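Residue-level structure breakdown
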Protein chains: 4
Amino acid sequence: MEHCEDSGLDEKMVPRTEGEIESLIKRLKRIEGQVRGVQKMVEDNRYCVDILVQISAINAALNKVGFNLLERHTKHCVSKAVREGNGEDSIQELMNVIKQFSK
Amino acid sequence: MEHCEDSGLDEKMVPRTEGEIESLIKRLKRIEGQVRGVQKMVEDNRYCVDILVQISAINAALNKVGFNLLERHTKHCVSKAVREGNGEDSIQELMNVIKQFSK
Amino acid sequence: MEHCEDSGLDEKMVPRTEGEIESLIKRLKRIEGQVRGVQKMVEDNRYCVDILVQISAINAALNKVGFNLLERHTKHCVSKAVREGNGEDSIQELMNVIKQFSK
Amino acid sequence: MEHCEDSGLDEKMVPRTEGEIESLIKRLKRIEGQVRGVQKMVEDNRYCVDILVQISAINAALNKVGFNLLERHTKHCVSKAVREGNGEDSIQELMNVIKQFSK
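So, here's what we can say about the structure. Note that this is a predicted model, so its numbers are computed, not measured.

The next subject is the relation of the copies chain D and chain C. Rotating chain D by 180° and moving it 0.0 Å along the rotation axis overlays it on chain C with an RMSD of 0.0 Å. These values place the two chain copies in the arrangement generated by a two-fold rotation axis. Comparing interface residues between copies, 98% of those in chain D also sit at the interface in chain C, which points to an isologous, same-surface contact.

Right under this line is the structure:
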């Protein structure tokens, strides 16, 4: 995996591979479809509990995508920062985003 | 608010008003837009942490919709079941969906 | 189960049976022991991840106790309030405590 | 901060300072007291919602201790592992414990 030299990229960022991007997009499109499915359920006046179960499934799917991004970020971008001696800021940023997620 | 007599509706369900449906659809459409926004961020190879912050915002928005549905369900459908002597099943179902949400 | 007539009790409260109290105390004493176990781990300079796993287990045990209390509260106290026509306040209070728990 | 050479310590572990240990013990003793407080509330047949609020406060306090341990672990132990070329295992372990916590 190449490190970022493209000026359009965040310097802290180890760019995603095409495979990673494709896989993420696929999962996000499925999540988008699930959200539209919930709209349909609301329009059809479907039972509250059935809608809640769907929303809970979307949350789980989103958390899974989030967790994978977090894992990849830690393995690539944070590790790189630590090795290059800029670990402190990178780890602080990581902890902040973990805190936000656990809310 | 009328109770359900329409045979297409779940009998346990106190139907949503048009206002409630509109407000839910509006919020779900915004969430759908946020999910598409994250897809764009992934395609543009945007910084992982910025994407994670967005995903965390979507989760919060979804949880808010879920919580409102839960509140309304408890106030209308569960209350109705309790008053009509069918509270036990309705409350068990409520507890199950709360457990699922807190995972 | 008797409804509360003892003036020392919260009027909204359906009192716990002795069996319920015993079972809760037993579980809370185990949790207290787990918390002391973590203190010992900290004093012994045990590995952070092992301590985190223990803390996560305590959280799970506490959530289980909390969920059981919530379930019992809904089945007994909230149902009673709904049947007696005081459901609105009771359900609002329930929703608030669920919101607090899901933080 | 010294790195661990004491054979009794986990090799992956950067030992806690006395100040860190004292502060953690103090917070864990407070949590232990809160758990005993909840036992007293149960014995006194206190209102379910008041107990739930207390349990939710204990959970928040435990999560705060857990988060601090996680932060310190990442800053010290994981960073050290990454710098010494053993980052992969250390980060995998970190991600596993974060996943467990977010359950």
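Take helix α2 (residues 48–83) of chain C next. Residue and element names in this part refer to chain C. Taking 1.5 Å as the rise per residue, α2 with 36 residues should run 52 Å; its terminal C-alpha atoms sit 50 Å apart, in good agreement. Remark: the principal bend of α2, roughly 35°, maps to T74. Once α2 finishes, G85 follows within two positions and takes phi at roughly 85°, a positive value.

Facing 46 residues of chain D, the contacting portion of chain C comprises 45 residues. Summed over both sides, the interface of chain D with chain C buries roughly 4200 Å², with 69% coming from carbon and sulfur. Its largest share of buried area at the contact with chain C, chain D owes to D:N45, D:Y47 and D:L52, together 17% of the area lost on that side. Summed over the shared surface of chain D and chain C, the result is 2 salt bridges. Of the charged contacts, one joins D:R36 and C:E32 as a salt bridge, the two residues approaching to 2.9 Å between their closest N and O atoms. Joining chain D to chain C, the criterion identifies 16 residue pairs in polar contact (both at pLDDT 80 or more). When contributions to the side of chain D that touches chain C are tallied by element, the ones reaching two or more residues are α1 (18–43), α2 (48–83) and α3 (87–101) of chain D. A per-element tally of the side of chain D that touches chain C places α2(D) first, with 18 residues. Among the residues making up the side of chain D that touches chain C, the classes are represented as 27 nonpolar, 8 polar and 11 charged.

Among covalent bonds in proteins, the disulfide is the one between the sulfur atoms of two cysteines. Considering all chains together, one arrives at 0 disulfides over all chains under this definition. Looking at the unpaired A:C77, the closest cysteine sulfur is the one in B:C48, lying at 3.9 Å.

Next up on the list: empty space enclosed by the protein. This structure, assessed with the given rule, holds 2 cavities of 30 Å³ or more. Quantified by volume, the largest cavity comes out at close to 50 Å³. Taken together, B:T74, B:V78, B:S79, B:V82, B:I91, B:L94, C:T74, C:V78, C:S79, C:V82 and C:I91 form the lining of the largest cavity. Mapped by element, the contributors of at least two residues to the lining of the largest cavity are α2 (48–83) and α3 (87–101) of chain B together with α2 of chain C. Split by residue class, the lining of the largest cavity holds 7 nonpolar, 4 polar and no charged. The computed volume of the second largest cavity comes to approximately 40 Å³. Taken together, A:T74, A:V78, A:V82, A:I91, A:L94, D:T74, D:V78, D:S79, D:V82 and D:I91 form the lining of the second largest cavity. Considering every element that reaches the lining of the second largest cavity, the biggest residue donor is α2(D), with 4 residues. Looking at the lining of the second largest cavity, its residues break down into 7 nonpolar, 3 polar and no charged.

Conventions and cut-offs
- Think of each chain on its own: its residues are numbered from 1, step by step along the sequence as written.
- To label them, take the chains in the order written and letter them from A, then take the ligands in the order written and number them from 1.
- In view of the model being predicted, local features appear only for residues whose pLDDT reaches at least 70, and side-chain atom pairs are presented and counted only at 80 or more, with totals across whole chains, interfaces and linings using the full set of residues.
- To obtain the side-chain values, all non-hydrogen atoms of the structure were included, while hydrogens and water were left out.
- Least-squares superposition aligns the copies on the C-alpha atoms of those residues with pLDDT at or above 70 in both.
- We call two residues in contact whenever any of their non-hydrogen atoms come within 4.5 Å of each other.
- The numbering of helices and of strands both runs from the N terminus, where a helix is a DSSP run of H or I of at least 4 residues and a strand a run of E of at least 2.
- By this rule, a helix spans an expected 1.5 Å times one less than how many residues it contains.
- Here the bend at a residue is taken as the angle between two axes, fitted respectively to the seven residues that end there and the seven that start there.
- Values labelled buried area give the accessible surface lost by two parts on being combined, using a 1.4 Å probe and summing over both.
- Salt bridge, as used here, is a side-chain nitrogen of Lys or Arg placed within 4 Å of a carboxyl oxygen of Asp or Glu.
- Counting of polar contacts relies on pairs of N or O atoms within 3.5 Å, with two restrictions inside protein: one atom must be capable of donating a hydrogen and the other of accepting it, and residues adjacent in sequence are counted only when both atoms are side-chain atoms.
- Residues were grouped as follows: Ala, Val, Leu, Ile, Met, Phe, Trp, Tyr, Cys and Pro as nonpolar; Asp, Glu, Lys and Arg as charged; and all remaining residues, including Gly, as polar.
- Note on terminology: disulfide denotes any pair of cysteine sulfur atoms within 2.5 Å.
- Grid points spaced at 1 Å over the protein atoms alone were grouped into cavities, where a 1.4 Å probe fits but cannot get out, and pockets, open sets with protein on both sides within 12 Å along at least five of seven lines, with lining residues defined by an atom within 4 Å of a point.
- Grid points are joined across faces, edges and corners, and a volume is the space filled by probe spheres set on the points.

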